Amino acid sequence: MTRLATDAASSEALRREADALGPWFHNIDLGGVWTAPDHFLGDYPGLKWRRFASALPADLAGKSVLDIGCNGGFYSIEMKRRGASRVLGLDSDERYLAQARFAASHLGHDIEFRNLSVYDVGALAERFDVVLFMGVLYHLRHPLLALDLIHEHVAGDLLVFQSMLRGSSQVEPVADDYDFWDMDQFERPGYPRLHFVEHSYAHDWTNWWIPNRAGMEAMLRATGFTIESRPEAEVYLCRRAPAPTGAEAVYPARGINGREGR
């Protein structure tokens, strides 16, 4: 068999392996074989990554990275490519974790992946130099709690955050307080807000809360993150700072059947 035929056979075998793990949301180049060649967003998240990649440290040697909601592992792999000494990817979906392990292994990257929810990050008992929280917030029923838990337990310094945004892109100054009868600010497009999705959005029932830009920035500040830059329309680079008064995570008691107590 010629080398060309051998390469073609290898590519076909890799294609079958990737397809068996599908469908993929992360379209990852496995050396010429793409995991989601028919992705409705094309080269995603690679296209988004290239818009803000230069804003992150190019050399992560000696740094630890936590990728919360790692999905198929695209960002975990990119952090390892920048030399991070340890990368831990978390997701609560075993299918995504299988995809991430497959992609990382094929590309030769030593990355740990664990089945863990953002609500359980306290179980890690460890802070990380860089925390990635990309494309997760709007899938959560309790988004502010998730940010509180990240701040309280795992963020050591840099938070790289991304969320889908809808509504106005305006950001207006927010007063420290408002009179009870002062209601005009709630009608202004640049006032912080979250849009609640009762049923489904974009054919996805896991889309719960979608912030406008002002709302997203206010939530980050309210949980103790200082926004350093916004290198892409939906991406924020933040530093962990002291949490403001009243900002703290809550821990609902669970009953013996695992349900949260009242």
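Right above here is the structure, for reference.
The structure reproduced in this document is the subject of the present report. (Residues numbered from 1 in each chain as written. Predicted model: local features only at pLDDT ≥ 70, side-chain atom pairs only at ≥ 80, totals over all residues. Heavy atoms only, no water.)

Brief notes about the sheet that holds strand β5 (residues 155–162)
Logical step 1: The seven strands lie next to each other as β3-β2-β1-β4-β5-β9-β8, forming an open sheet whose pairing is mixed. Across the chains shown, the open sheet's two edge strands, defined by having one partner strand only, are β3 (112–115) and β8 (225–232). Sheet twist, expressed as the average angle between the axes of neighbouring strands with direction ignored, equals 20°.
Logical step 2: Relative to strand β4 (residues 128–134), strand β1 (residues 64–68) runs parallel, the two sharing four bridges. In the strand pairing of β4, V65 is matched with V130.
Logical step 3: In the packing of helix α3 (residues 74–81) onto the sheet, contacts are made with β1, β2 (86–91), β3 and β4, and the angle to β2 comes to roughly 175°.
Logical step 4: In the packing of helix α5 (residues 143–154) onto the sheet, contacts are made with β1, β4, β5, β8 and β9 (235–240), and the angle to β5 comes to roughly 150°. (Pairing = 2+ DSSP bridges. Helix = DSSP H or I, 4+ residues; strand = E, 2+ residues; numbered from the N terminus. Axes fitted to C-alpha atoms, helices over the stretch in contact; angles between N-to-C directions. Contact = heavy atoms within 4.5 Å.)

A word on the packing of aromatic side chains
Here a ring pair, both rings aromatic, is described through the centre-centre distance and the interplanar angle of the planes.
Logical step 1: Enumeration over the complete set of coordinates arrives at 12 aromatic pairs.
Logical step 2: Ring centres of F186 and Y191 lie 5.2 Å apart, and the angle between their planes is 70°; this geometry places the pair in the edge-to-face category.
Logical step 3: Accessibility expressed as a relative area gives 18% for Y191, which makes it buried.
Logical step 4: Joined through ring pairs, the aromatic side chains of W49, F52, F74 and Y75 make up one cluster.
Logical step 5: Geometry around W208 places R141 over its ring, the cationic atom sitting 4.5 Å from the centre. (Phe/Tyr/Trp six-rings, centres within 6.5 Å; stacked < 30°, edge-to-face > 60°. Buried < 20%, exposed > 50% of the residue type's maximum accessible area, 1.4 Å probe, protein only. Lys NZ or Arg CZ within 6 Å of the ring centre and 35° of its normal.)

Thoughts on a negative patch on the surface
Logical step 1: A contiguous patch of negative charge on the surface is contributed by D176, D177, D179, D182, D184 and E187.
Logical step 2: As for its position among the elements, D182 is in the loop between β5 and β6 (194–196). (Patch = residues over 30% accessible without salt bridge, like charges linked within 9 Å, V, L, I, M, F, W, Y side chains within 5 Å. Areas by Shrake-Rupley, 256 points an atom, 1.4 Å probe, with all protein chains shown as cover. Salt bridge = Lys/Arg side-chain N within 4 Å of Asp/Glu carboxyl O. Lys, Arg positive; Asp, Glu negative; His and termini not counted. Charge placed at Lys NZ, Arg CZ, Asp CG, Glu CD.)

Quick word on the nonpolar core
Logical step 1: The biggest cluster of nonpolar side chains holds 34 residues, and the ones touching the most others in it are W49, F52, V65, M79, L132 and V160.
Logical step 2: With five residues, the single largest contributor to this core is helix α4 (residues 94–107).
Logical step 3: Residues within four places of V65 in sequence aside, it is in contact with L60, M79, A84, R86, V87, L88, F128, V130 and L132.
Logical step 4: Grouped together as the second largest cluster of nonpolar side chains are 31 residues, L116, V121, L145 and L165 included. (Core = buried A, V, L, I, M, F, W, Y, C linked by side-chain atoms within 4.5 Å.)

Quick notes on the pairing of β4
Logical step 1: Counting buried residues along β4, six of its seven residues qualify, which places the element largely inside the surrounding structure.
Logical step 2: Bridging between β4 and β5 involves six bridges; their strand directions are parallel. When the sheet's bridge partners are listed, F133 is paired in β5 with F161.
Logical step 3: At this point the chain moves from β4, through α5, to the parallel β5, and the crossover so formed is right-handed. (Right-handed = clockwise from strand over helix to strand, strands pointing away.)

A look at a nonpolar patch on the surface
Logical step 1: On the surface, F180, W181, M183 and F186 cluster together into a nonpolar patch covering about 560 Å² of accessible area.
Logical step 2: Topologically, F186 is positioned in the loop between β5 and β6.
Logical step 3: Classification of F186 by relative accessible area gives partly exposed; the value is 43%.

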